[in-house]
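Coordinates in review
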Amino acid sequence: MLEKIIRGEFGYEDLPPAAIISPSPTSPSYKTGVWRTEKPVIDPAKCVKCLLCWVFCPDMSIKRLEDDSVKIDYDYCKGCGICSEVCPTKAIRMVEEV
Amino acid sequence: MSLQARYYKTVKDIPREDLFAPGHRLCAGCGAAIAVKLALKATRGPTVVVNATGCVEVSTSMFPYSAWGTPWVHVAFENAAAVASGIVEASRILARKRGGETYDVIALAGDGGTFDIGLQALSGALERGHKLLYICYDNEAYMNTGIQRSGATPTGAATTTSPAGRVIPGKRERKKNLVEIALAHNIPYAATASISHPLDYMNKVRKALEKDGPTLIHVFSPCTLGWRYPPSKTIQLARLAVETRYFPIYEVEDGRLRINVRVSRPKPLEEFLKLQRRFQHLLKPENKHILESLKRQVEENWSRLLKLEEAGVRP
């Protein structure tokens, strides 16, 4: 259903009753990374694995890896800069997107 | 906090799984997104979310995209609590008739959908005593429709319907006290929380879900567009609100009030105000009386909370 609707090739008979969206979540197929004007860059040498950036990211764009280090998912990061602001060791820098 | 049952003691205890998916279209640096994400991380099992109209509702469910990993129902602006009541009772009856488990129900609404439009449905649900958790994320105005004043807008804040000019210096009325309105219904648990204190907030969500009765959490979530500050300052502002005593963090459990974040040496309120465009006019000399009145409200509220905590009486 999703692909058809995104392509705009659908009629009323393709729409589910009561606008039910199933299965869910489907929002990951919409990449919000294109909104970004500045992107966060992690310096792994300075990271102390406190995970504050992971807790506070509003876009679930910071992935917590097995060893509690973090990785940024640029597909969804909107570049708000919260991670860089909460980082106690200033390990995350915001650089202009090119 | 020592007496409190704590489910999440450190940041490392927070589960990795997210029930709130990326790709939602809330603003960069949205406080409400953090409030929703952390609340869903603190759920204990099958949960249904009932979402009133508001920022979170419109930007997480643009057809055919949904950011919800839980069953999720969109309702009108005013009836989140009423629909949630129905779902709670249906769950209970179905579990009794067909066997199986009941599930938790969270009603989620913004300050407009709680303080103003949804207050009647909320009051009804609290009075009937359904076992549900009502979370109000408070960004202090109707942000979704373009920053109109609400019952949660503080004194002096500029919004598009209470603009700051020569005649009117922002909103002239006081902010409602939602937690105490809820407590007037004699509910087992009500609390305030802030996204800047995630462990405290998540423990409160979990504790509220375990209570047998209606519970309410009022969570403070800054809004970058409505308060007019750079999106990276969301957490800093939420923390300043707590540290200046502007938004005290407390809980009322079975009639006893406990202040969870004790602010013994508060920062000056100006530190919180000066970061936001909506309060800039309060820092001008001609509006000093509004600033003084806001400061008085903050101090009166704090000393009243201290007295209530000490006396051990229901607010």
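Quick caveat: nothing in here was measured; it's all calculated off a predicted structure. (Residues numbered from 1 in each chain as written. Chains lettered and ligands numbered in written order. Predicted model: local features only at pLDDT ≥ 70, side-chain atom pairs only at ≥ 80, totals over all residues. Heavy atoms only, no water.)

Structural notes on the sheet that holds strand E2 (residues 72-74) of chain B
Residues and elements named next belong to chain B. Formally: At least two DSSP bridges between two strands are required for those strands to pair. A run of DSSP states H or I qualifies as a helix once it reaches four residues; a run of E qualifies as a strand once it reaches two. Both are numbered from the N-terminal end. Throughout, an axis means a line fitted to C-alpha atoms (over the contacting stretch in the case of helices), and angles, computed between N-to-C directions, take values from 0 to 180 degrees. The criterion used for residue contact is that any of the two residues' heavy atoms lie within 4.5 Å.
Taken in spatial order, the eight strands make up an open sheet running E2-E1-E3-E4-E6-E5-E7-E8, and their pairing is mixed. The sheet terminates laterally at E2 and strand E8 (256-259), the two strands that pair on one side only. Going from strand to strand, the sheet's axes swing by 20 degrees on average, the running direction of each strand aside. Alignment of strand E4 (residues 133-138) against strand E6 (residues 215-220), held across six bridges, turns out to be parallel. If you follow Cys136 over to E6, its bridge partner there is His218. Lying over the sheet, helix H11 (residues 288-311) contacts strand E7 (250-253) and E8, oriented at roughly 125 degrees with respect to E8.

Quick notes on the interface of chain B and chain A
Rule in force here: Put simply, buried area is how much 1.4 Å-probe accessible surface two parts lose in total, over both of them, once they are put together. Note on definitions: salt bridges are taken to be side-chain nitrogens of Lys or Arg within 4 Å of carboxyl oxygens of Asp or Glu.
Taken together, the contacts link 39 residues of chain B with 40 residues of chain A. Around 3,300 Å² of area is buried between chain B and chain A when both sides are counted, 64% of it from carbon and sulfur atoms. If you sort the residues of chain B by the area they bury against chain A, Arg16, Phe63 and Tyr65 of chain B come out on top, with a joint share of 21%. If you look at where chain B meets chain A, you find three salt bridges. Here Glu85 of chain A makes a salt bridge to Lys233 of chain B, at a shortest N to O gap of 3.3 Å.

Quick word on the side chain of Thr60 of chain B
Residue and element names in this part refer to chain B. Test applied: Relative accessibility decides the category of a residue: with a 1.4 Å probe and only protein chains considered, values under 20% of the type maximum give buried, values over 50% give exposed, and everything between is partly exposed.
Mapped onto the secondary structure, Thr60 falls in helix H2 (residues 55-60). Its relative accessible area of 2% is what places Thr60 among the buried residues. Setting aside chain neighbours within four positions, we find Thr60 in contact with Phe20, His24, Leu26, Tyr65, Ser66, Ala67, Trp68 and Trp72.

Some points on the environment of Pro231 of chain B
Structurally, Pro231 of chain B is set in the loop between helix H8 (224-227) and helix H9 (234-243). By relative accessible area, Pro231 of chain B is classed as partly exposed at 29%. Sequence spacing of Pro231 of chain B and Gly31 of chain B is 200 residues, and the spatial spacing of their C-alpha atoms is 9.3 Å. If sequence neighbours within four positions are ignored, Pro231 of chain B has contacts with Cys80 and Ile82 of chain A together with Ala28, Gly29 and Thr224 of chain B.

Some details on the packing of helix H1 (residues 31-41) of chain B against helix H7 (residues 198-210) of chain B
Describing two packed helices takes the angle between their axes plus the distance from one axis to the other. Residue and element names in this part refer to chain B. Rules: Geometric relationships in this document are graded by angle, where less than 35 degrees denotes roughly parallel, more than 145 denotes roughly antiparallel, 65 to 115 denotes roughly perpendicular, and other angles denote oblique. Crossing handedness follows the turn of the near helix against the far one: under a right angle anticlockwise gives a left-handed crossing, and clockwise gives a right-handed one. Each residue is assigned to one of three groups, with Ala, Val, Leu, Ile, Met, Phe, Trp, Tyr, Cys and Pro labelled nonpolar, Asp, Glu, Lys and Arg labelled charged, and all others, Gly among them, labelled polar.
Close contact between H1 and H7 brings their axes to 8 Å; oriented N to C, the two are set at 55 degrees. As the angle between them shows, H1 and H7 are arranged oblique. Crossing of H1 against H7: the hand is right-handed. Residue-level contacts link Ala35, Leu38, Ala39 and Lys41 of H1 to Pro198, Tyr201, Met202 and Val205 of H7. Here the residues of the contact of H1 with H7 sort into seven nonpolar, no polar and one charged.

A look at the pattern of salt bridges
Residue and element names in this part refer to chain B. Throughout the structure, instances matching the rule amount to 32 salt bridges over all chains. Taking the shortest distance from any N to any O, the salt bridge between Lys176 and Asp116 comes out at 3.9 Å. Residue Lys176 is found in the loop between E4 and helix H6 (178-183), and its partner Asp116 is found in helix H4 (residues 111-116); the two are separated by 60 residues along the sequence. Taking relative accessible area as the criterion, Lys176 reaches 31% and is therefore assigned partly exposed. Among the residues examined, Asp116 registers a relative accessible area of 28% and is labelled partly exposed. One salt bridge in this structure joins Glu292 and Lys288, with 3.3 Å as the shortest N-O distance. Pair noted here: Glu292 and Lys288 are both in helix H11, with a separation of four residues, about one helical turn. A relative accessible area of 31% places Glu292 in the partly exposed class. Lys288 gets classed as partly exposed once you look at its relative accessible area, which sits at 48%.

Some remarks on the packing of helix H3 (residues 80-98) of chain B against helix H5 (residues 119-128) of chain B
Look at H3 of chain B against H5 of chain B: their axes get within 7 Å of each other, and the N-to-C directions meet at 35 degrees. Along the contact surface, H3 of chain B presents Ala81, Ala82 and Ser85 of chain B, while H5 of chain B presents Ala121, Leu122, Ala125 and Arg128 of chain B.

Let's talk about the packing of aromatic side chains
To keep things clear, this is the line we draw: To pair, rings of Phe, Tyr and Trp, with the six-membered ring standing in for Trp, must have centres within 6.5 Å; the planes then decide the type, stacked if under 30 degrees apart, edge-to-face if over 60, and tilted in the middle. Charge-over-ring placement is defined geometrically: NZ (Lys) or CZ (Arg) within 6 Å of the ring centre, and within 35 degrees of the ring normal.
Scanning the entire structure with this criterion turns up 11 aromatic pairs over all chains. When the centroid spacing of 6.4 Å and the interplanar angle of 85 degrees are considered together, the rings of Trp227 of chain B and Phe272 of chain B count as edge-to-face. Of this pair, Trp227 of chain B sits in helix H8 while Phe272 of chain B sits in helix H10 (residues 269-273), and the two are 45 residues apart along the sequence. These aromatic residues form a ring-pair network of at least three members: Phe220, Trp227, Tyr229, Tyr246, Phe247, Phe272 and Phe279 of chain B. Stacked on the ring of Tyr74 of chain A, the Lys or Arg Lys39 of chain A has its end atom at 5.2 Å from the ring centre. Cation over ring: Arg64 of chain A sits above Trp54 of chain A, and NZ or CZ is 4.7 Å from the ring centre.

Let's talk about a nonpolar patch on the surface
Using the following cut-off: Nonpolar side chains (Val, Leu, Ile, Met, Phe, Trp, Tyr) are joined into patches within 5 Å and like charges within 9 Å, using only residues with over 30% relative accessible area and no salt bridge. The accessible surface values rely on the Shrake-Rupley method and a 1.4 Å probe; as for residues, cover is taken only from the protein chains in view.
Judged by side-chain polarity, Phe10, Tyr12 and Leu15 of chain A together with Phe63 of chain B come together as a nonpolar surface patch covering roughly 420 Å² of accessible area. With respect to the helices, strands and loops of the structure, Tyr12 of chain A is situated in the loop between helix H1 (2-7) and strand E1 (38-42). With relative accessibility at 71%, the residue Tyr12 of chain A sits in the exposed group.

Thoughts on unusual backbone geometry
All names here are of chain A. In this model, Ser24 is joined to Pro25 through a cis peptide bond whose omega is 0 degrees. Topologically, Pro25 is positioned in the loop between H1 and E1. One non-glycine residue, Ala18, adopts positive backbone phi at about 60 degrees. Overall, Ala18 belongs to the exposed group, its relative accessible area being 74%.

A few points about the nonpolar core
Residues and elements named next belong to chain B. Note the cut-off: Among buried residues, those of type Ala, Val, Leu, Ile, Met, Phe, Trp, Tyr and Cys that are joined through side-chain atoms within 4.5 Å constitute a nonpolar core.
Grouped together as the largest cluster of nonpolar side chains are 117 residues, with contacts concentrated most on Phe20, Tyr134, Ile135, Tyr201, Val205, Tyr246 and Phe272. In terms of residue count, H1 provides more of this core than any other element does, eight residues in total. The contacts of Tyr246, once residues within four sequence positions are left out, are Glu140, Pro154, Phe220, Ala241, Leu269, Phe272, Arg278, Phe279 and Val298.

These results come straight from atomic positions and should not be treated as a statement about function.
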